[in-house]
Amino acid sequence: MKFWGVRGSIPCPTPDHIIYGGNTSCVEVHFDGHHIALDAGTGLRLLGKAWRAHEVKKATLLMTHTHWDHIIGFPFFAPAYCADFALDILAGHVAKNGGIRRLFSSHMSDPMFPVPLDSMHSTMTFQDFQPGDTFVLEDAVTVRTAPLNHPNMATGYRLEYGDLAICYVTDTEHVPGHPDPNVLRLIDGADLVIYDSTYTDEEFHAKIGWGHSTWQEGIRLCQQAGAKRLVVFHHEPEHDDAFMGRVEDDVRQRWSDALVAREGMTVTLRA
C-alpha cells in the first residue's frame, strides 16, 4: 500500500502540513499485479503520474463516496486520458442518484469544470452496487463492503487476497459506547485497517453529525474485532504537523500496532 493523500475535507498545502501531507484521500493497493485505488482525492493526481511512469495499463478505482475531497483529483488523473489505459470505477452509495458515471460526468461539466468526462480516452467502466455486496476483481481480489454512517452515505471496503485482508473505513461517524456492528463485521480479524480518525475523543462531541470518527474509536474497534494493525487516516486540516506529532505520540502509547498515515508512506504486508 502507498498513501498518496491522507487528509480529509479540503487540501491544505501549507508549510505547517509538510510532515503528514496536505493531499486528500487516495490510497493505492497493489496485489501481485492487481492495481487498486481507494478514493479519488487530490492524491490521485500523484498516483496517476506514478502509474504512467511504471506503465500500468489496467486498474480499479473504489469510491467510498463523492464528497468533494474524495473526487477532486479525478479530472487530473493522467492515465484516464490515455487510450492504452483501462479503469473500472465502482461505488456503492449513488445508485439511487443516477449512478457513479452520472456523478463523475456532472462533476466534469459546465460550469464546474472545462474538460468533460468524454475527453478521457481510456477505456472506463462504471459499476454501481449496494453497500453490503461482495464481488471479485479480476478473479483474484475478493471485495466485501459495508454501509458507513456518513451524510449522503458512504461505503467501507475489505479487500481479501490469499490470506491477507485490508480494510478501508472512511468516512464514518461512531456512536460513543456503541461500536458499529457493520464496521466490526467488516474488519473482523483483518491484517490492517485504515480508519477515519479525523478527530480526537476530546474534539468529537463538538463535531457530532459531521460524519467522522476518532483515532481512539479506531483502536477500540480494531481490538474488539481482533484486527492486527490500524492506520490512523483522514486527518483534520486544522491539525497541523505539530498537532499530528502529538497525536502520533499518543497513538503509539495507546497501541503499538497502530500508526499514523503520512503522505508517501508505504506499508507492505505478507501472508
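Please refer to the structure higher up on the page.
To keep things clear, this report deals only with the structure shown in the data block. Note that the coordinates shown come from a computational prediction; the quantities given were computed from them, not determined experimentally. (Residues numbered from 1 in each chain as written. Predicted model: local features only at pLDDT ≥ 70, side-chain atom pairs only at ≥ 80, totals over all residues. Heavy atoms only, no water.)

## Examining the side chain of D191
Its location among the elements puts D191 in the loop between α4 (181-187) and β11 (192-196). Since its relative accessible area comes to 12%, D191 is described here as buried. For D191, the residues in contact, after removing those within four places along its chain, are D163, L164, A165, K228, R229 and L269. (Helix = DSSP H or I, 4+ residues; strand = E, 2+ residues; numbered from the N terminus. Buried < 20%, exposed > 50% of the residue type's maximum accessible area, 1.4 Å probe, protein only. Contact = heavy atoms within 4.5 Å.)

## Regarding the pairing of strand β8 (residues 141-148)
Along β8, six of the eight residues are buried, which leaves the element largely enclosed by surrounding structure. As judged from the four bridges shared by strand β7 (residues 134-137) and β8, these two strands associate in the antiparallel manner. Counted as the bridge partner of V136 is T142 from β8. With seven bridges joining them, β8 and strand β9 (residues 154-161) adopt antiparallel strand pairing. When the bridges of β9 are listed, L148 appears paired with A154. Between the antiparallel neighbours β8 and β9 lie five residues, among them N152 with a positive phi of about 70°. (Pairing = 2+ DSSP bridges.)

## Points about helix α1 (residues 43-53)
Buried within α1 are the following residues: G43, L44, L47, G48, A50 and W51. An end-on view of α1 places all buried positions within 165° of arc, on one side of the element. Those residues of α1 that are exposed and angled more than 90 degrees off the buried face are K49 and A53. Buried residues along α1 sit in contact with β1 (2-5), β2 (26-31), β3 (34-38) and β4 (58-63). E55 occupies a position one or two residues after α1 and carries a positive phi of about 55°. (Arc of directions from axis to C-beta.)

## Observations concerning the packing of helix α6 (residues 215-225) against helix α7 (residues 241-254)
The interhelical angle for the contact between α6 and α7, taken along N-to-C directions, is 20°, at an axis separation of 11 Å. When the interaxial angle is binned, α6 and α7 end up roughly parallel. The handedness of the crossing between α6 and α7 comes out as right-handed. Judged by residue contacts, W215, Q216 and I219 of α6 engage V247, D250, V251 and R254 from α7. (Axes fitted to C-alpha atoms, helices over the stretch in contact; angles between N-to-C directions. Parallel < 35°, antiparallel > 145°, perpendicular 65-115°, else oblique. Left-handed = near helix turned anticlockwise from the far one by under 90°.)

## Overview of unusual backbone geometry
P111 follows D110 through a cis peptide bond whose omega is -5°. Its place among the elements puts P111 in the loop between α3 (100-107) and β6 (123-128). With omega at 5°, the peptide bond leading from T170 into D171 counts as cis. In this model, N152 sits at a positive phi of 70°, which is unusual for a non-glycine residue. Among the structural elements, N152 can be located in the loop between β8 and β9. Not every positive phi belongs to a glycine, and M153 is a case in point at roughly 80°. The class for M153 is partly exposed, based on a relative accessible area of 40%.

Shape is all these values report; function is a separate question.
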